[in-house]
Each structure stands twice: as C-alpha cells, then as structure tokens.
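Topology and contacts: notes
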Amino acid sequence: MTGAAAGEEMHALVRRLYPLCRSITGDGVRATLDIVGEYLPLQVREVPTGTQVLDWTVPQEWNIRDAYIADGAGRRVVDFAASSLHVLGYSVPVHRTMPLAELREHLHTLPDQPRLVPYRTSYYAPRWGFCLAQETLDALPDGDYEVCVDSTLADGHLTYAEHVVPGRVADEVLVSCHTCHPSLANDNLAGIAVATFLARELAERQPYHTYRFLYAPGTVGAITWLARNRVERVRHGLVLACAGDRGAVTYKKSRRGDAEIDRVMRHVLETSGRPHTIKEFTPYGYDERQYCSPGFDLGVGSLTRTPYAGYPEYHTSADDPDFVTPDAMADTLAVCREAFAVLDRNRRYVNQSPYGEPQLGRRGLYDPLGGRSDAKEAQLAMLWVLSMSDGTHSLLDVAERSGLPFDTVGAAADALRGAGLIKA
Amino acid sequence: MTGAAAGEEMHALVRRLYPLCRSITGDGVRATLDIVGEYLPLQVREVPTGTQVLDWTVPQEWNIRDAYIADGAGRRVVDFAASSLHVLGYSVPVHRTMPLAELREHLHTLPDQPRLVPYRTSYYAPRWGFCLAQETLDALPDGDYEVCVDSTLADGHLTYAEHVVPGRVADEVLVSCHTCHPSLANDNLAGIAVATFLARELAERQPYHTYRFLYAPGTVGAITWLARNRVERVRHGLVLACAGDRGAVTYKKSRRGDAEIDRVMRHVLETSGRPHTIKEFTPYGYDERQYCSPGFDLGVGSLTRTPYAGYPEYHTSADDPDFVTPDAMADTLAVCREAFAVLDRNRRYVNQSPYGEPQLGRRGLYDPLGGRSDAKEAQLAMLWVLSMSDGTHSLLDVAERSGLPFDTVGAAADALRGAGLIKA
Amino acid sequence: MTGAAAGEEMHALVRRLYPLCRSITGDGVRATLDIVGEYLPLQVREVPTGTQVLDWTVPQEWNIRDAYIADGAGRRVVDFAASSLHVLGYSVPVHRTMPLAELREHLHTLPDQPRLVPYRTSYYAPRWGFCLAQETLDALPDGDYEVCVDSTLADGHLTYAEHVVPGRVADEVLVSCHTCHPSLANDNLAGIAVATFLARELAERQPYHTYRFLYAPGTVGAITWLARNRVERVRHGLVLACAGDRGAVTYKKSRRGDAEIDRVMRHVLETSGRPHTIKEFTPYGYDERQYCSPGFDLGVGSLTRTPYAGYPEYHTSADDPDFVTPDAMADTLAVCREAFAVLDRNRRYVNQSPYGEPQLGRRGLYDPLGGRSDAKEAQLAMLWVLSMSDGTHSLLDVAERSGLPFDTVGAAADALRGAGLIKA
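In the annotation of an unreviewed UniProt entry, chain A is listed under the name DUF4910 domain-containing protein and assigned to Streptomyces cremeus.

A look at the sheet that holds strand S5 (residues 76-79) of chain A
Residue and element names in this part refer to chain A. Ordered by their spatial adjacency, four strands build an open sheet running S5-S4-S9-S6, and the pairing between neighbours is antiparallel. Strand pairing shows two members of the sheet lacking a second neighbour, S5 and strand S6 (94-99), which therefore form its edges. Strand after strand, the sheet turns through a mean of 20 degrees between neighbouring axes, direction not considered. Of the pairings in the sheet, the one linking strand S4 (residues 61-70) to S5 comprises three bridges and is antiparallel in character. Directly across from alanine 70, in S5, lies its bridge partner arginine 76.

Here's the deal with the packing of aromatic side chains
Across all of its chains, the model carries 39 aromatic pairs over all chains by this definition. On the numbers, 6.0 Å between centres and 70 degrees between planes, the contact of Tyr123(B) with Tyr124(B) is edge-to-face. For Tyr124(B), a relative accessible area of 37% puts it in the partly exposed group. Here the aromatic residues Tyr284(A), Tyr286(A), Tyr308(A), Tyr311(A), Tyr314(A) and Phe323(A) are joined through ring pairs into a cluster of three or more.

Remarks on the interface of chain C and chain A
Opposite the 29 residues of chain C that make contact, chain A presents 26 residues. With both sides pooled, the region where chain C packs onto chain A buries about 2300 Å², and carbon together with sulfur makes up 52% of that total. For chain C, the biggest contributors to the area lost against chain A are Asp55(C), Pro283(C) and Tyr284(C); these three give 27% of the whole. Where chain C packs against chain A, one counts four salt bridges. A salt bridge links Asp390(A) to Arg255(C); its shortest N-O distance comes to 2.9 Å. On inspection of chain C and its partner chain A, the count reaches 13 residue pairs in polar contact (both at pLDDT 80 or more). Of the residues assigned to the side of chain C that touches chain A, the class counts are 15 nonpolar, eight polar and six charged.

Here's the deal with the relation of the copies chain B and chain C
Both copies of the chain are related through a single rotation about an axis accompanied by a shift along the same axis. Mapping chain B onto chain C calls for a rotation angle of 120 degrees and an axial translation of 0.1 Å; the resulting RMSD is 0.1 Å. Such a turn and shift between the copies fits a three-fold axis. Rotation axis and chain B: the residue whose C-alpha lies nearest the axis is Asp258(B), separated from it by 13 Å.

Things to note about the interface of chain B and chain C
With 28 residues of chain B at the interface, the matching set in chain C holds 26 residues. When chain B packs against chain C, the two sides together hide about 2300 Å² of surface, and 52% of this comes from carbon and sulfur. For chain B, the biggest contributors to the area lost against chain C are Asp55(B), Pro283(B) and Tyr284(B); these three give 27% of the whole. Our count for the contact surface shared by chain B and chain C stands at four salt bridges. Residue Arg362(C) pairs with Asp55(B) through a salt bridge whose shortest N-O separation is 3.2 Å.

Details of the pattern of salt bridges
Going through the model one piece at a time under the given rule, you end up with 105 salt bridges over all chains. Between Arg96(C) and Glu102(C) there is a salt bridge whose closest N-O contact spans 2.7 Å. On the accessibility criterion, Arg96(C) (38% relative accessible area) is partly exposed. By relative accessible area, which is 32% here, Glu102(C) ends up partly exposed. The network of salt bridges with shared partners includes Arg45(A), Glu162(A), Glu172(A), Arg212(A) and Arg233(A).

Brief notes about the side chain of Thr325(A)
All names here are of chain A. Note on placement: threonine 325 falls in the loop between strand S16 (300-304) and helix H9 (326-345). You can call threonine 325 buried: its relative accessible area is 13%. There is a polar contact of 2.9 Å between the side chain of threonine 325 and the backbone nitrogen of alanine 328. Beyond its immediate sequence surroundings of up to four residues, threonine 325 is in contact with His11, Gly244 and Arg246.

Remarks on the pairing of strand S14 (residues 249-252) of chain B
Residues and elements named next belong to chain B. By the alternation rule, side chains of S14 split into Val249 and Tyr251 and Thr250 and Lys252, which are all buried. Note: S14 against strand S15 (residues 276-279), four bridges, orientation parallel. Across the sheet, residue lysine 252 finds its bridge partner in S15, namely lysine 279. The parallel pair S14 and S15, bridged by helix H7 (residues 260-272), forms a crossover whose chirality is right-handed. Here S14 runs beside strand S16 (residues 300-304); their pairing, made up of three bridges, is antiparallel. By the bridge assignment for S16, lysine 252 is matched with serine 302.

Criteria and cut-off values
- Residues numbered from 1 in each chain as written.
- Chains lettered and ligands numbered in written order.
- Predicted model: local features only at pLDDT ≥ 70, side-chain atom pairs only at ≥ 80, totals over all residues.
- Heavy atoms only, no water.
- Pairing = 2+ DSSP bridges.
- Helix = DSSP H or I, 4+ residues; strand = E, 2+ residues; numbered from the N terminus.
- Axes fitted to C-alpha atoms, helices over the stretch in contact; angles between N-to-C directions.
- Phe/Tyr/Trp six-rings, centres within 6.5 Å; stacked < 30°, edge-to-face > 60°.
- Buried < 20%, exposed > 50% of the residue type's maximum accessible area, 1.4 Å probe, protein only.
- Contact = heavy atoms within 4.5 Å.
- Buried area = accessible area lost by both parts, 1.4 Å probe.
- Salt bridge = Lys/Arg side-chain N within 4 Å of Asp/Glu carboxyl O.
- Polar contact = N/O pair within 3.5 Å; in protein donor to acceptor, adjacent residues only side chain to side chain.
- Nonpolar A, V, L, I, M, F, W, Y, C, P; charged D, E, K, R; others polar.
- Least-squares fit on C-alpha atoms with pLDDT ≥ 70 in both.
- Right-handed = clockwise from strand over helix to strand, strands pointing away.

Below, the structure written as structure tokens:
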C-alpha cells in the first residue's frame, strides 16, 4: 500500500471511530475495539471492577445512553447526541430541574475559546456535569432547566486489547495507544489508526523483535496492563498519540534518556531530513508516565506530532477529523516504520579478526586496484564495522560515529558476517 | 531584623574592629574575638607555640605596642598609631638610628598607587619593616632616621574561636573566616561580620545541619583547626571573605567541583537573578586552600563579592570601612541564608510506590477534574519527585531537571512524605 | 643543527630517495633503506614470502627492470625510466603488441587532472598496467603498440627496518612511516626524512621512553611487524606521513581518542600557536589502521600536514620534491620534538603531605614576604601540582587545568620532588 493510500484509509478509520463515546471503561471502548478488529485480529481483555492493579483499583464501569440540558420549552440546548464531549466523562446519573444559577456549577466552558466545547472528566470523584461552548452558555436565559444524564456506574470491566506480531526473538517492542478519549480525532484516534496500520505492515514480514500493540485506556489501562503482564519482555516501546495533526513530529525520550529507542528515534529523525523536535522526558503526558515510572523504567518513548497540550485545539471540540490529515498520519507511520527497521537491524558484533585489518581483498570485499583515494562507501563501512565491533558498539553507534547511513552500515555488517569476520 | 538593619549593624561591627592590629597571633586577635563575643558566644581556643599542626608548627606569639619612624627633629613621619598597616606584620623589635639609604631596604610601598599604604607581612623570616605611601617616602629628605618597633616575639599561643549552632543531625557545615588581617575592612572584617550575623540568624531556629563557625588566622589557623578536630564531620562548608565590597557576588567551587555546596550555590545564584560569577577551584586564595587540600578534599567553597586580589584596593589602606557597604554585606548574608535553606532541605528520597504512578487523587493530592492541560505546578512537582526519587537523585536534582523552584519541589516532597509515598 | 639546516638536509634526503621505485617488496625498498642507513644505523629485517602474518601472508617479491609502451616507430611513449609511477605497482610481466583499443583496458589516467600521472597498484590481483597523463593518452593515435613490463614476481622477502633509541624505561614510543610508495615526495619520503632526523636528535640524549622507528611498507608491512613483535611494549606512537607539504599540521587521534599521545599532541598544538587541525580517528588512512585495530588498540595517532588524500596532488606525479619544503619538514620535526618532550616528562605524582598545604616557605620554595597578590607563576605551579597530585592526575592534567605552561609545571614538580613533597 502506498503511503498516500494508507493515509486515506487511516483517515477513514478515524472518521468511523470519531462519534463513539469512549471512556476508561464501557461499551464505547468495546465498540472502538470492534471496529479496529475489522482491520487487525485483537485479543480483547476484560478486567473486573475491583481488581487491584498496582496502587490502583479497576473502577466501576461507566455507560451512558443519553444526556441533555433542556430549557423550559423542552428544547435540548446541550445534547450528548450531538457530541460525546458534552457530558463530563464518568458523570453520575442525574435527572432534575434546577435554575441556571445552580446548574452553572456543573458546567464547563472555555472562556478564552468561546466557540469550543472542552473535554472534561471526573473519574475518581463522583460528579455530574456538562461541557459546552461559552457562547452557548452566554445565550442561555435565566430560568429553570431540565438536566438529564442517563448513565450507569456499576461493577463491570475495564477493557483493553492486544495484537502481537511474532518476531524471531521473544524480546518485545511495545506500541501503546490510549483508547479512553471520546470524540477527539488527534487525541487519540489518529494514534489508534497509525498503530493499527503499523501492525498490519509488520505482520506482512516476520520482524526481528516481537511487536506488541496495546489499545488501552490512559493511566488506569496502562497500569492494569503493567500489573498483569511480564513487563521484563519489553525491551523497547513507543507511546503513540496526537499522531495526525499538521505539526512536525516530536519524539519525547524515555526516562532513561539514552535507551536504544531514544537513540534510534534521534538517528532516524536527524538523518531523515524531517523537521522534528526531540524532547527530554517529563513525568507528564501520556502513558509513558506509567511505563517509565522508576520501578519499571522501561525504554519507552513517546511519538507525537504536536505534543501533549501543545495546540489550541487540544482537548476541545476543534480536535475533529478535519484537524488530522492523511498525509500527517502517513508520515507518522513512516517514522515508525523507519525507526523499527533500524531497531530490528541494530546489533552488537564482535570482530573475529581483531588484530590488524583482515585481508578483505582475498574475500572479494575490497577493490583490488590500489592507490585511489575515493574509497567506496561500502568499503569504508566495512572498516568502520571492523574497527568498532569490539562488543561494546552497536551498528547504530557505527552509523553515528562514521556519519554513514545506517543501511550502508547494516549492509557492511551483513557482508562481514557472511565472510565470518564478525559475529553477533 | 530586616536586611537593611542587619547591614547597618554589620557595618558598625566592621568599624569597631577596624583599628585593631590583628595578626596570626597576639592580643589584636583576642581583642577582635572579645568584640565578636558581644554578638555571639564564642569558644576561644589557645594553642601553644611549638605545637605541631600537620606539616606546620604554631609560631611564636607576636605583640606590638608601638612603632614609628622619626626624623632628625623627632617628628614621627610613619606612625603605627595612625594605622596598623604601617608596620610589617611580625616585625622583630628594632630601635636604631640609620640613614635613609639603609632604611629603604626595610620600607614597602606601592609605586603604582603612590597614595596608598600596602599590607605586608613576614611571618616565617625574621625581619622588621614599615609600609608607607610612596608619596610619603618621596617626601623624606636624606638624613638619619630613628626607627622603632616595640614588638615582642615570644612563646605564647595561637588564638582561634568557634561557635556551634546545633542542628538536628551531627553532620556539620563549616563557615570559616580569617581573622589575621589588620586594618583592612573588606579583607576580612566584612567576612567576620557576615559570619557573625549568619550564626545569630541560624541560632534562632534549629537548623537541620549543625553549623560550625570558625574565626581563625589564615593558613596556620585553618591548619591548626584541621589538625585538632574531627574533620570527617564537615560535610559542607564555606569560606567567607571580601564580603562587603560593591561588586557582584562570586562563588568559587570546592576542589571537588561538584560537591553539594557547589551545586547548591550555583542553583541559588542562578535562580536568584543576582549578577554573580561562579569560578572553578584554584589552589590559591583563602583557607579553601587548606580545607580542599587533597588529603581532606572537603566540600568547601568560597564566597566573596569581588574575589581575592581582584580589586585595586586589595591589601592596601584603601580597603577601609568606606570601601564596604551595609547593602553589600546584607546581600552576602542573604546569599548564605538562601543557600543554607536549600542545603538544609535537600534530601534523597526513595519512591515507595515506584511501579506505575501511585493514585494521588485518592490521597487528595491530585485535582479530580481531568482533561485540563494546565497541570498545577504543585502536581507537576509531585510527579517529578516520584519519577526521580530512586535513591540517586536529590531534591536539588529534581529542581534542576524540572526547572521548578526548589521550594515547590520541597513542598511536593513534604506532601508525598506525609502520604507515605516517599521515604528518605 | 638549526631547524633551517635540518630542513635543508631532510629535503636533500627526499630528493635522493625520489627516483627509486619502491613497492611493498623488492630492491627499491632495500635501496631506500640503504640510503636512510647512511644517516642512521638500521636493523633491516627480511621476512620470507609465504610467512603467515596475522590474517595476511607475505606476498611474492616484486622487482622491475624496465617497462614501456612503444609506438609503431619504436618510440617509447610511456617509459618507466622517466618515472616509477608509469607502471602499475606489482604489474606482472608482459611483452606484447596490441592495438590501442585493447591496450586502453590497462591504462590508468586522471581525466580531471589531465597533465598528471596517477599512482596505482594491484598487489593482490595479478594484472599489468601503465599510468599516464590523460593528455598523453589523448595524443596517441590508433594503431598497434608494443607493451613491455620486464618485472619479476617470485618468492623472496618483505623488507622492513627498525632503529631503536634506548630510553631510561623499556616502555616504547613507536614512530612508524611507510616505505612502499614509489616517486611520491610528500607521501612518504618527507615522513621518512622527518623520522630519520627525529631519531638522530633523540639519540643525542637519553630520552625517558625507548623510541622505536619503523620503516615498513604500508598495511602488510605494519601487519608483519605487529605479527612478529612484542606489541605490548608500545605505550604511545605516531604514524608519520605527508610530513612536508605547505599545509598546516594535522593530528589524527588514536582509536582510543583519549590516549596520552592524543592529549599531548593536542596540548602541544594548542599551546604552540601553530595553525593546526585535530581530527577524530577514522579506520582509514595510513598504518594507524593496523596499530589501532581493535585487538591491538594502541595509543598511536597520525601526524601529517595536509592529511591523507586531502590535496589534489595526492597520489599523482605532482607530489614531487617541489611539493614539499624544508620549512614544512622542519616544522613537522619540531612538533614531534615538542610533543615527545612533554610525553617524556609527563608523570603522575602523589603528594606526600596531602593534609593541608605543606609549609613551602621553610623549604625555601615560597616567597617569605606575605601580603603581595602577584604570586609568582612558579609558586602557583607548585600549589597546582600539590593540589592535583592525588595519583589520578598527570602533570599534563595540571598544565591543562591550571593554564600554566607545561614546562613551568614540570619545573614545579621537579622542585617538589627534590623536597620530597611528591613521589612518582
């Protein structure tokens, strides 16, 4: 599939997922995973309410059927059916009539962005509320309003899903995207779409690493997964979010700062010519917070375009499908593809003939005509691999130190390994 | 006491101490400590002449009653009574008449600063001499002069004093200032004054560390103290000198270069907005030379305003009480206060819930309303402390890495410790 | 000998050696070593064809008596007698007549430098060929040509030579220069000349290190030497090449990058005021490739003027004796002299009186007149040596950290060692 075609298909997936009301639990998540499951076989996991997961407890499941604010004439002035953003996430049920003054305490707006509806939640403090445009609120006359949130908070399950692309080794690369946000396109339907198409691409060939794709609600979902799995298999990872806006790509390093994924991403971004930003780790943002907590301290970075909370449309109704583009998603997908190609090929070798240079010429690896100063890049790459392959340097080290393209270095390593001159 | 009031009081102390003739031993030092003792209870130590102290020996005690050069008419053209600088420190007694030509060999002037009297000593080679302005010397007619140094060099004692502010732990912070210079205000009466008022401030609250203030003659005094004390209690320290001139503050690092005091001072100076200079260690200057000698290698830096030998008034009669200001001394005092506040609060903690983030919300430490991107600084600080508290990072590390104010980080640590989430 | 005189003598040596047809084996090498042997006693080594040396085998010996291309009229249009560059190095014998079209496959030119004859070899693939100017080739009419290479490839020897200047310790400094290039002045007759005069200079005094000068063919010669010698004695080394062109001096670091020779060369070049370039190691260039192969990983750098392949005359007939100058060779010699003076004097000492400063005054090492701020450089140097001599810092570390000249630091160390205050 061409990049352009994949971009269009990912955008179509974003549009399909957009109307669903996702949260950290509930049927919106399940419906989302059902649609993703049409693209990729998923193992869906259901974890019961009350399950202890690390320092947390799986919360009650939240489902919602309807929610509105109606004026005295019965006209719905705020309606969940129009956008899942209108209801405060995890709102407890309510059905009352109250004056606007009292209602105001339950209303969330963005006074500085008066036409936009904010995204707000209250997962762990029982509340109800509505989110609406400041302009809508300003237009409401005083008087009594009927408020209704037809929701259920009850014991149930937290739902997440996995897809595993088996590799030649059991060491895993974790690609994680959060599934808990309602009608927000960049955050994180674009990430879900890129993860899905990336998994499909990887499955077409057997990669070196085993790739595990995780679709889980933010924070408690990642924590649930960490509590229930053999985390030590995860050698590298990427949190995918905000993967579709028009901004340049941003890589945020793992807490370790020099994990292999950090170096691979830097190399790929710097040598690709893409405009990009590389940021140090901060303990804020998406689920890298959990993967990089000091007890786990995994080599997991975060790939976005414009980063977390870095654009005015962030967590508002302006983060709609028009805010993300096929081209941007195709580019995010390409960055992942390029990075994982390096990651899968990166090795530490040991020169088997480390005393003096081995005679490459008699193995057909060196130009027999001497005296020329324009040593071919392939020969130079072999000399670099031989020089640095003392067991402490990886091919990525060789590429960075020599300034040669990683592919050239990888090809040199293949040739030398074929000649028995280096061993992994 | 306000900073301005403290500045005025410190300046008054400088003016009181200024006329006394201090040296590395003798009654001038005792009189100085008597006056300081009016501000602060001191433990005065007397170490006998001949005592072996490290590679040195406590010298004979020097006392001086009078010294002058008188012309043929009996008129004193150079008079110790006018300034203690006029006599070469540790001059042996002399009472002779001699022609100017012979006298010249015993005269010290500053040809490039012809109106100023230099400060000169000869502690370890027995000499006598006078210091005077070049202009004074130039005005002397040829002829015979009576020279008199009514001094005593005899077995006695070297005198130094200590004041200890007990802390909650026995680990000590050493604040050291040299007391051996005669009528020089910035070098080092200002340092003595700042140390004294700093000690009084610290005594008003029980600090975390134990603070030891040392008033001792330069070089041999510090060496005597080092020879007689349990140096291993000293975890941090500051040599205070040149603490009152109008220049910006200068911190000179310890020999280690990355001692905790070095990092604290850098942080305080960089975040305070003060103009300042931070210098690498050199084995020259004040008693940091001794504390940082390679055998001890203490984490002791040096705080001055314009540093050692860095101003034209240095070691001349122009270093008088007008050369130092109440504001400058108050500012030096404030730098010490701010630095010790950080030093006393700086700790390494260990996150007790390092696997994933602990659920701060249920402990009342996290805003229950989700979706907002303007995470409060206090919450961010808690996440940073949790992320970095793996036993290897201090709160100062957290402040520097996060860019958050140290106080915010300290408050976050207090909150987390209160919730049992981190332990020292 | 003055630098200018040495420069002229070195240039004379270059001119004498220039006409000889050197290669990796054969009588041209022997004749070269005979001439060098007039300046310096050499131990000449002959290693038989077929000897296994590391991953290589000593090749057959190549000798050549005549080679030419003659036109139909019998006129030699390309003649080995005019320049040893005209024959492809290691050409197998041939004597045939063939049309120009067929001959072309055996001709090497430089189309972009049409007046120059390139230098080409084929050591390990049996070929014959000629090198000529593109202009010469362009002027050849079609037709038949007589080609003759009167060469011998037969079992024989590989020849290299050594000269050892014994030092006070057995630890060796290796100075290596390649001897395999035919009529090329900068590459490497200038290196041979500088090495020769350097050895003569060193022999005039007993240096601290033992200096071993190696004259060997490139690659296989260095490999042969490495295979047959106790490499562990080599603590430092320098590959000398391109030592005579008008460009600024270039030092290429050893593979280790922070070997003592690397730091010494940097210090000497930076403090000498010479324009210079310091380059990181690359596994390409001269025999540093072999000495720095990961199994040996010796502290051997490479000193050139314009580096390997860095000038248009490189490996062409334009690299003739006019391309190198007496001044440039004298300057390269001076750099070596200065660097080895530092290397021979650099030591790690341990302060024997590390607690506080030792009393330098009573040992006559410190100005007894106190109070002056213009501490003499010699005193400062002693304080620096005392401060840093904890067994981990060398005198070069002291010079670099203090900013004092190495000679001043060395003199301070001598004084302190004389007083028993430091020990090696």
